[in-house]
Amino acid sequence: MFNAKSDTIEILHAKSKNEFSNLAAKSFCQSLKSSPQKKPIVILPTGNTPLPLYAELRNSEKKLDFIYFQLDEYIGLEPSSKRLFTNWLADEILDPMDIPHEQRITFRSDNLFPQDEIDMMRSWYKENGPADIAVLGIGANGHIGFNEPPSDENSQTRLVKLSNETLKSNNAYWDNDKKAPEYALTLGISEILHAKKIILLATGKSKAIILKKALTEPPSPEIPASYLQNHPNVTVIADAEALSEFKS
Ligand code: GLP
């Protein structure tokens, strides 16, 4: 048994890669199904961790319909850039699932006035939110979305400067041949915590220490993911490596 400090967090241990993608897809689809909304609002992460989930959803016969609300995005990229998170998620899941473009609420990376994008996302969320489901990964420094440490529990959608650690891990997505932008837009911890259901995915040894801290240490701005302990309905799906700091 793996236990978080808060009893509103359920931890599911995936014993194989297959089990990880199955558990993640099952948890996601069940949460979608149990939502009273016809088109639930869904927040989805980029990164390597959710790729098995997206592959599992693409390969299933299930027809899913939802409104995609963007978690985070770099600033200053052209609409055709491969590095745009919007394009990444379009390739991985939104296009294969035929999610109509008008159901994709996203930041415009090339807007010279990022504050307009922040205002648009904040007011859309205020009017239409909260999200029904937020699927999240965790950064090696404990970030969720691009809420880098220190990030307050009340933080809202905003512009952030990415830490060197995050830039390094993000550059690896493109074999380091193109640098990730240093600035980004992200939903705040407060908007993420408003989601009715949160599914946190974590795999690999590099997440072991931070995952343990996030789920067992008192919530603090230094580990933004630790604020998930204050949410009433979180499922963590993790492999043995990511859970290796927990004593069974
Ligand atoms: C990225 C994204 C996050 C993601 C995290 C972990 O920088 N902004 O949304 O969850 O870092 O990424 P990975 O799954 O590749 O470890």
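Structure: see above.
Since we're looking at a predicted model, the values are computed, not measured.

Basis of the calculations
Residues numbered from 1 in each chain as written. Predicted model: local features only at pLDDT ≥ 70, side-chain atom pairs only at ≥ 80, totals over all residues. Heavy atoms only, no water. Helix = DSSP H or I, 4+ residues; strand = E, 2+ residues; numbered from the N terminus. Rg over C-alpha atoms; globule rule 2.2 N^0.38 Å. Buried < 20%, exposed > 50% of the residue type's maximum accessible area, 1.4 Å probe, protein only. Contact = heavy atoms within 4.5 Å. Areas by Shrake-Rupley, 256 points an atom, 1.4 Å probe, with all protein chains shown as cover. Near = heavy atom within 4 Å. Polar contact = N/O pair within 3.5 Å; in protein donor to acceptor, adjacent residues only side chain to side chain. Nonpolar A, V, L, I, M, F, W, Y, C, P; charged D, E, K, R; others polar. Pairing = 2+ DSSP bridges. Axes fitted to C-alpha atoms, helices over the stretch in contact; angles between N-to-C directions. Arc of directions from axis to C-beta. Core = buried A, V, L, I, M, F, W, Y, C linked by side-chain atoms within 4.5 Å.

Colleague: With reference to specific residues and values, describe the overall build of the chain.
Modeller: Helix and strand counts for the chain come out as 7 helices and 10 strands. For the chain, the C-alpha radius of gyration of 17 Å lies close to 18 Å, the compact-globule estimate for 248 residues. With the principal axes as the frame, the chain shows a C-alpha extent of 50 × 40 × 35 Å. Relative to its 248 residues, the chain shows a buried fraction of 56%. Partitioning the contacts of the chain with sequence separation of at least 6, the portion at a separation of at least 24 is 79%. If you sum the accessible surface of the chain, you get close to 11,800 Å²; carbon and sulfur atoms cover 50% of it.

Colleague: Please give an account of the site of the ligand that cites residues and values.
Modeller: The full set close to the ligand counts 14 residues, and Asn48, Thr49, Asp72, Tyr173 and Lys207 are the nearest of them. Contacts to the ligand include Thr49, whose side-chain N or O atom sits 2.4 Å from an oxygen atom. Here an oxygen atom of the ligand and a side-chain polar atom of Tyr173 are 2.5 Å apart. Coverage of the ligand by the protein chains reaches 93% of its 390 Å² of free accessible surface. Its residues assigned to classes, the shell around the ligand comprises 4 nonpolar, 8 polar and 2 charged.

Colleague: Which residues make up the sheet that holds strand E7 (residues 158-161), and what values do they have?
Modeller: Think of a sheet as strands paired side by side through backbone hydrogen bonds, with each pair either parallel or antiparallel. Within the open sheet, the 3 strands sit side by side as E4-E8-E7. Their pairing is antiparallel. Of all strands in the sheet, those with a lone pairing partner are strand E4 (72-74) and E7, marking the two edges. Going from strand to strand, the sheet's axes swing by 30 degrees on average, the running direction of each strand aside.

Colleague: Pulling in residues and values, what's your account of unusual backbone geometry?
Modeller: Each neighbour pair has its own omega, and for Gly129 with Pro130 the value is 5 degrees, a cis peptide bond. Examined against the element boundaries, Pro130 turns out to sit in the loop between helix H4 (114-128) and strand E6 (133-136). The linkage connecting Pro149 with the following residue, Pro150, adopts the cis geometry, with an omega of -5 degrees. With respect to the element layout, Pro150 can be found in the loop between E6 and E7. One non-glycine residue, Asp98, lies in positive phi territory at about 55 degrees. Structurally, Asp98 is set in the loop between helix H3 (85-94) and strand E5 (104-105). Residue Asp98 is classed as exposed on the basis of its relative accessible area of 56%.

Colleague: Lay out the sheet that holds strand E2 (residues 41-44) in plain terms, naming residues and giving numbers.
Modeller: If you walk across this open sheet you meet the 7 strands as E1-E10-E9-E6-E2-E3-E5, and the pairing is parallel. Strands with a single pairing partner mark the edges of an open sheet, and in this sheet they are strand E1 (9-14) and E5. Bridge count for strand E9 (residues 197-202) against strand E10 (residues 234-239) is 5 bridges, and the pairing is parallel. For Leu200, the partnering residue across the bridge sits in E10 and is Val236. On top of the sheet, H4 reaches E2, strand E3 (67-70) and E5; it is set at about 140 degrees to E3, its chief contact.

Colleague: Mind laying out helix H7 (residues 208-216), listing which residues take part and the relevant values?
Modeller: Each α-helix winds once per 3.6 residues, and so residues spaced three or four apart point in a common direction. The complete set of buried residues in H7 reads Ala208, Ile210, Leu211, Ala214 and Leu215. Projected onto a plane normal to the axis of H7, the buried residues spread over an arc of 165 degrees and lie on a single side.

Colleague: Describe the nonpolar core, and please don't skip the residues or the numbers.
Modeller: Membership of the largest hydrophobic core comes to 44 residues, with the highest contact counts inside it found for Ile11, Phe69, Ile198, Leu211 and Val236. Not counting chain neighbours up to four residues away, the residues in contact with Phe69 comprise Ile41, Val42, Ile43, Leu44, Ile105, Met121, Trp124, Tyr125 and Leu187. One finds Ala25, Leu32, Val135 and Leu201 within the second-largest nonpolar core, a separate group that totals 26 residues.

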